[in-house]
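Coordinates in review
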Amino acid sequence: MACVDHAGNAAAFLKDKAQARWHDEALWYVRKKRDAAAASVPEWEELRRAAEAVKEHTLAHLGHYLTLFESQARANGIEVYWAENGQELNDIVAGLLREHGAKRVVKSKSMLTEECGLNAYLQQRGIEVTDTDLGERIVQLAGQHPSHIVLPAIHMRKREVAALFSEHLGTERDNDDPLYLTRAARAHLRQKFLEADAAITGVNFALAEEGGVVVCTNEGNADLGTALPGLHIACMGLEKVVPDARALGVLTRLLARSATGQAITTYTSHFLRPKPGGRLCVVIVDNGRSGLLQSGQKKVLTCIRCGACMNSCPVYRRSGGHSYETTVPGPIGSVLAAAKEPGRFASLPFACTLCASCDHVCPERIDLHDRLFAARRVAMESTCFGGKRRSLRLAAVLLRHPRLYRFVMAAARAVLPKLPRNWLYNRHNLWGLEREVPMPAKKPFRQMMRERKRG
Amino acid sequence: MKRIGLFVPCYIDDFYPEAALSTLEILEAHGFDVAYPENQSCCGQPLFNNGLPEDARLLAERFVKLFGAFDYVVAPSSSCIATVKYRYREVLPQKEAEALGKRVYELFEFLHDVVGVERLRLPHPFPHRVGLHQSCHGLRELGLGCPSETFVKGCGDKVRRVLEKVEGIDVVMPSRDECCGFGGTFSVQEHALSARMGRDRIADHTANGVEVITGVDMSCLMHMQGLAKRDGIPLRFVHAAQILAGRAE
Ligand code: SF4
């Protein structure tokens, strides 16, 4: 099985220094906005504890809340479907669109449908799918995937967007004025909204007690998309359910502040029943989630996908979301991917210095760095790390035998300073590619201690 | 008199003995009986952090055997102490790990929490502009500082408080308190990324016009030192213990 080469991807991303710096600074700016927004809420830490409690409680009674949601939603006239995996989700959605005779679909941002490859599936069946979140539309036009769960096109700079828009939307080639580009995108998307036969949205929260779903967007595109067509399909991971609107209040206070530093997402849309004459269908997807629930990584199911852990992660900021080769990148994405396919994603738990900054920004207080630490145990078994495993085991033997270790170090002390430079610095010495190698001190501490004792 | 077991992380022993010697001298100057068990070895951090806890078990057991009987165990390294405190639980009987965890301290944490900032005796002035690098395990696992992303009242800032007791010192914090990119084997496996992170940290400090960069984890300093040296940046890197002990000039 091919292993994702995160280190190689990161090195490639870093080659364009200006771009990498811009990426880092743009996301650090968002992190700082988040800090300011969080600091403006005196009870921030209590709020995080409350959010953690809400989601943990829901997970502990997940079956109950999902069934409650299902029955309440049905009572509201919503159709509820269940999908075991991505394939089933795609089939259900394609089936509903077929029944409805839908050819053109507008979709608001949903990482779940990304995860399941819905766009490609529908397009192969002759259905036009237009992503209507601006960032998402940009990556769609570029034939790429989102590189961030909240800021899907953060890896692209405005001149790239200008080139893309001039190719696809006929804008002036060299005009990269954001206002001009946004207007062009808006005009283009308005047309898509008007022509759409159906709308697909994600779900940020599903309210069990009320039997409705909540979608948060900053551009209002979920509302625009669902306004005209008679069919609205909302796709949700089964962990999105929360007990009731009261619990939602805690989570929405945290979501936007953690994500972008806004006090609240611009549009928090509640869909409680189908519109007159229309259909509202909710597809509840498992796709590996119930497996996670049984595992040691269960806690990651409390994630509300705010993206704060990415913005705070010094590795993510400098390697870009695509370096992870996952739907959800960054700290949370690495845990999710490694839990699902530890072999293929073995490098991701190691694309982390265990700095733990992600733990502190996470509104759900997920102990992300400990989750990554735990994932390393399984990842290390992967064939991708055969060499690393062997050298570390060798080091372990050495460390267990201090006399042998000291003998080796004494030899290093004698030899290292005398080595010709090209013996020490070559492609085998990865540390030395960009750094000078430290030299052992003339006398180790233990020798100093012996001499001290002797007086 | 309280007895302290001095734990000297493996790479400090061979590469940065001055940091260990400084630690010893500071502890003795504050009236402790400090012993250095000869047969000590690595705490096991590289093995734990690379998902090989089973291979680290024997090192953890050795640690308990050598250091179990002291009133305190002190080391000039926050990441090693964090390993003993939080990772040993994975391989040792819980009671044993917990009892040990309560008695292990990073040097500055010890000076701050046990000796007390008011009672510090630091007779060596250090009239320099010094950039303080907060290493992540110290900052976020041991709480030796206040990470910029949290809003917990009464957080530590212990290293800085102790350092600022040194006469003439001007401690300057960088604009970001983020990771330097060392991360143990991360620095090798993700060498390009690691180097980028380290260079960013160095640039942040040099923008403040510091002459010296210090911290409580020599490993982070070693990484940044290697980069600065390669880039011809005239910066000195010293362990914070050396500043306290007058061994940084
Ligand atoms: S893990 Fe936490 S910080 Fe990261 S996206 Fe999820 S909720 Fe946000």
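As the structure is a prediction and not an experimental result, all values here were calculated from the model. (Residues numbered from 1 in each chain as written. Chains lettered and ligands numbered in written order. Predicted model: local features only at pLDDT ≥ 70, side-chain atom pairs only at ≥ 80, totals over all residues. Heavy atoms only, no water.)

Secondary structure assignment for chain A yields 22 helices and 10 strands. Dimensions of chain A along its principal axes, counting C-alpha atoms only, are 95 × 55 × 45 Å. Taken over 455 residues, chain A has a buried fraction of 58%. Counting contacts in chain A only where the partners sit at least 6 residues apart, residues at least 24 apart contribute 73% of the total. Surface summary for chain A: the accessible area is close to 19200 Å², and the carbon and sulfur share equals 54%. Distance from the positive charge centre (64 side chains) to the negative charge centre (47 side chains) of chain A: 12 Å. (Helix = DSSP H or I, 4+ residues; strand = E, 2+ residues; numbered from the N terminus. Buried < 20%, exposed > 50% of the residue type's maximum accessible area, 1.4 Å probe, protein only. Contact = heavy atoms within 4.5 Å. Areas by Shrake-Rupley, 256 points an atom, 1.4 Å probe, with all protein chains shown as cover. Lys, Arg positive; Asp, Glu negative; His and termini not counted. Charge placed at Lys NZ, Arg CZ, Asp CG, Glu CD.)

On to the side chain of Q134(B), then. By secondary structure assignment, the location of Q134(B) is in the loop between β5 (129–133) and α8 (136–141). Setting aside residues up to four positions removed in sequence, Q134(B) forms contacts with L139(B), L144(B), G145(B), D157(B) and M173(B).

All names here are of chain B. The four strands are arranged β2-β1-β3-β4 in an open sheet whose pairing can be described as parallel. In this open sheet, the two edge strands, each paired with only one partner strand, are β2 (33–35) and β4 (104–106). The average angle at which neighbouring strand axes cross in this sheet is 30°, direction not considered. Where strand β1 (residues 3–6) lies against β2, three bridges are found, and the strand directions are parallel. Bridge pairing links G5 to A35 in β2. Across the sheet, helix α2 (residues 17–29) touches β1, β2 and β3 (72–75), and the angle it forms with β1 is around 175°. (Pairing = 2+ DSSP bridges. Axes fitted to C-alpha atoms, helices over the stretch in contact; angles between N-to-C directions.)

The end-to-end C-alpha distance of helix α10 (residues 178–195) of chain A is 26 Å, a good match for the 26 Å that 18 residues give at a rise of 1.5 Å each. Taken residue by residue, α10(A) has L181(A), A184(A), A185(A), H188(A), L189(A), K192(A) and F193(A) as its buried positions. (Expected span 1.5 Å × (residues − 1).)

Quick look at the sheet that holds strand β5 (residues 205–207) of chain A now. Residues and elements named next belong to chain A. Ordered by their spatial adjacency, four strands build an open sheet running β8-β5-β6-β9, and the pairing between neighbours is mixed. A single partner strand is all that each edge strand has here, and the edge strands are β8 (241–242) and β9 (267–271). Note that β5 and β8 share two bridges and pair parallel. In the sheet register, A206 faces β8, and the bridge partner there is V241.

Residues and elements named next belong to chain A. Contact geometry for helix α3 (residues 44–60) and helix α12 (residues 245–259): axes closest at 9 Å, N-to-C directions at 120°. By the angle between their directions, the pair α3 and α12 is classed as oblique. Along this stretch, α3 crosses α12, giving a crossing that reads as left-handed. Each of W44, L47, R48, A50, A51, V54 and K55 in α3 lies in contact with α12, whose residues at this interface are A247, V250, L251, R253, L254, R257 and S258. (Parallel < 35°, antiparallel > 145°, perpendicular 65-115°, else oblique. Left-handed = near helix turned anticlockwise from the far one by under 90°.)

With that settled, consider the pattern of salt bridges. Where side chains of opposite charge bring their charged atoms close, a pairing between them can arise. One pass over the full model with this rule turns up 52 salt bridges over all chains. For D13(B), the salt bridge goes to R446(A), with nearest N and O atoms at 2.8 Å. Of this pair, D13(B) sits in helix α1 (residues 10–15) while R446(A) sits in helix α22 (residues 445–454), which puts the two residues in different chains. You can call R446(A) buried: its relative accessible area is 6%. The partner of K158(B) in a salt bridge is D113(B), and the shortest N-O contact between them spans 3.0 Å. With a gap of 45 residues between them, K158(B) in helix α9 (residues 158–163) and D113(B) in helix α7 (residues 107–116) connect regions that are remote in the sequence. Ionic contacts of the salt-bridge type, sharing partners, join the residues R21(A), D24(A), R317(A), R318(A), R176(B), E178(B), R196(B), D200(B), R201(B) and D204(B) into one network. (Salt bridge = Lys/Arg side-chain N within 4 Å of Asp/Glu carboxyl O.)

Quick look at the state of the cysteines now. All names here are of chain A. Taken as a whole, this structure holds two disulfides over all chains when the rule is applied. Each disulfide pairs two cysteine sulfurs, and for C3 the partner residue is C384, the sulfurs being separated by 1.5 Å. Across the disulfide from C3 to C384, rotation about the S-S bond amounts to roughly -65°, and the bridge is consequently left-handed. With C3 in the segment before α1 (6–15) and C384 in the loop between α18 (368–379) and α19 (386–400), this pair connects stretches of sequence that are 381 residues apart. On the accessibility criterion, C384 (29% relative accessible area) is partly exposed. (Disulfide = S-S within 2.5 Å.)

This paragraph deals with the site of the ligand. For the ligand, the full set of nearby residues is C303(A), I304(A), R305(A), C306(A), G307(A), A308(A), C309(A), I332(A), C362(A), P363(A), I366(A) and L368(A). Placement of the ligand is best described as lying within the second largest cavity. (Near = heavy atom within 4 Å. 1 Å grid on protein atoms, 1.4 Å probe; cavity = no way out; pocket = protein on both sides within 12 Å on 5 of 7 lines; lining within 4 Å. Sits in = over half its atoms within 2 Å of the grid points.)

Tallying the contact residues gives 75 residues for chain A and 73 residues for chain B. Interface of chain A and chain B: buried area, both sides summed, is about 6400 Å²; carbon and sulfur atoms make up 57% of it. For the pair chain A and chain B, the interface holds 17 salt bridges. Between the two partners, chain A and chain B, sit 38 residue pairs in polar contact (both at pLDDT 80 or more). In terms of residues, the side of chain A that touches chain B owes the most to one element, helix α2 (residues 17–39) of chain A, which gives 10 residues. Taken together, the residues that form the side of chain A that touches chain B break down as 39 nonpolar, nine polar and 27 charged. (Buried area = accessible area lost by both parts, 1.4 Å probe. Polar contact = N/O pair within 3.5 Å; in protein donor to acceptor, adjacent residues only side chain to side chain. Nonpolar A, V, L, I, M, F, W, Y, C, P; charged D, E, K, R; others polar.)

This next bit is on the confidence of the model for chain B. It should be kept in mind that the predicted coordinates are not to be read in detail where pLDDT is low. Model confidence for chain B is summarised by a mean pLDDT of 96, while 100% of its residues fall at 70 or above. Prediction confidence for the complex, expressed as pTM and ipTM, is 0.96 and 0.96 respectively. (pLDDT = per-residue confidence, 0-100.)

Residues and elements named next belong to chain B. Tracing the backbone through its elements, the reader meets I26 in helix α2. Among the residues examined, I26 registers a relative accessible area of 4% and is labelled buried. When the C-alpha atoms of I26 and G246 are compared, they prove to be 9.7 Å apart, with 220 residues separating the residues in sequence. In this view, I26 contacts L107, L111, A241, L244 and A245; residues no more than four positions away in its chain are not counted.

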